[in-house]
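Analysis of the macromolecular model
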Amino acid sequence: MAEDHHEHHHHDDQSPAAIRVKALESLLIEKGIVSTDAIDAVVETYENDIGPMNGARVVAHAWVDPDYRARLLTDGTGAIAELGFWGSQGAEIVVLENTRTVQNMVVCTLCSCYPWPVLGLPPTWYKSAAYRSRAVLEPRQVLREMGLDLEESVEVRVWDSTAETRYMVLPERPAGTEKMNEDELVALVSRDSMVGVARVREPAAVR
Ligand code: FE
């Protein structure tokens with residue numbers, strides 16, 4: 001895409017997600033980049049549904065399988081590929097673990113680098129100049145505005161993505177989910193929690 005001037009295309013990574021993304025890219029280019037409601041709807045789907053569902057699966061699997069979680073935190077790209085997700089815009093994915101005391105938050109100050117295989121296309125706010133600059137300068141304030149009011153004791157770590165290294169956050173598993181199975185957990189995990197601008201809400205708050 002035009003603004004991702006430093007992206008690299010790899011022709012050896014044709015996962016289903018990569019093929020879908022390629023098809024979408026072609027469509028956008030052919031149509032002159034997002035000018036109709038129909039294309040907006042497609043983009044929205046990639047932003048909110050198809051893409052983040054892959055990441056949600058990764059997170060839920062890590063929550064129920066400690067060995068997988070350990071692999072995910074030491075070799076994000078490899079552990080994510082174990083579940084069948086890889087491809088364009090995801091050559092090197094580093095996974096950051098959020099805890100009660102550490103909130104990792106992801107930005108691309110240069111443009112809009114984002115881990116497509118797990119999160120799909122970046123949302124509009126992620127690409128905005130305001131988020132890209134303010135996430136670094138005043139992350140707590142940005143998080144507060146996005147609805148996450150952190151206690152002072154929580155350390156905020158901001159990670160700047162590049163075309164080579166993209167980040168995904170492993171959010172903390174919320175209380176009250178001890179009896180939930182992996183599929184039920186997948187449904188809880190939001191896109192924003194994997195960018196590090198939200199926490200996963202307790203099930204009672206979701207219903
Ligand atoms: Fe970028």
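Conventions used here
Residues numbered from 1 in each chain as written. Predicted model: local features only at pLDDT ≥ 70, side-chain atom pairs only at ≥ 80, totals over all residues. Heavy atoms only, no water. Helix = DSSP H or I, 4+ residues; strand = E, 2+ residues; numbered from the N terminus. Buried < 20%, exposed > 50% of the residue type's maximum accessible area, 1.4 Å probe, protein only. Contact = heavy atoms within 4.5 Å. Areas by Shrake-Rupley, 256 points an atom, 1.4 Å probe, with all protein chains shown as cover. Phe/Tyr/Trp six-rings, centres within 6.5 Å; stacked < 30°, edge-to-face > 60°. Donors = N, O, S within 2.8 Å, 3.2 Å for Na, K, Ca; no water. Tetrahedral: all angles 85-135°; square planar, octahedral: opposite > 155°, others 65-115°.

1. Thoughts on the overall build of the protein chain
Helices and strands together make up the secondary structure of the protein chain, namely 11 helices and four strands. By the burial criterion, 46% of the 207 residues in the protein chain qualify as buried. Long-range contacts, defined as pairs at least 24 residues apart, comprise 71% of the intrachain contacts of the protein chain with a sequence gap of at least 6. When the accessible area of the protein chain is evaluated, it comes to approximately 10,100 Å², of which 54% is carbon and sulfur surface.

2. Examining the packing of aromatic side chains
Inspection of the entire model under this criterion finds five aromatic pairs. An angle of 75° between the planes, with centres 5.0 Å apart, marks the rings of tryptophan 125 and tyrosine 131 as edge-to-face. Look at tyrosine 131 and you get buried, because its relative accessible area is 5%. What links up through ring pairs into an aromatic cluster is the set Tyr114, Trp125, Tyr126 and Tyr131.

3. Examining the coordination of the iron ion
Looking at the iron ion, one finds its protein donor set to be Cys108 (SG), Cys111 (SG), Cys113 (N) and Cys113 (SG), positioned 2.2 to 2.6 Å from the metal centre. Its four donor atoms give the iron ion angles of 79 to 132° at the centre, a pattern that matches the irregular case. Along the chain, the residues donating to the iron ion fall in the pattern C-x2-C-x1-C.

No statement about biological role is implied by the geometric values presented.
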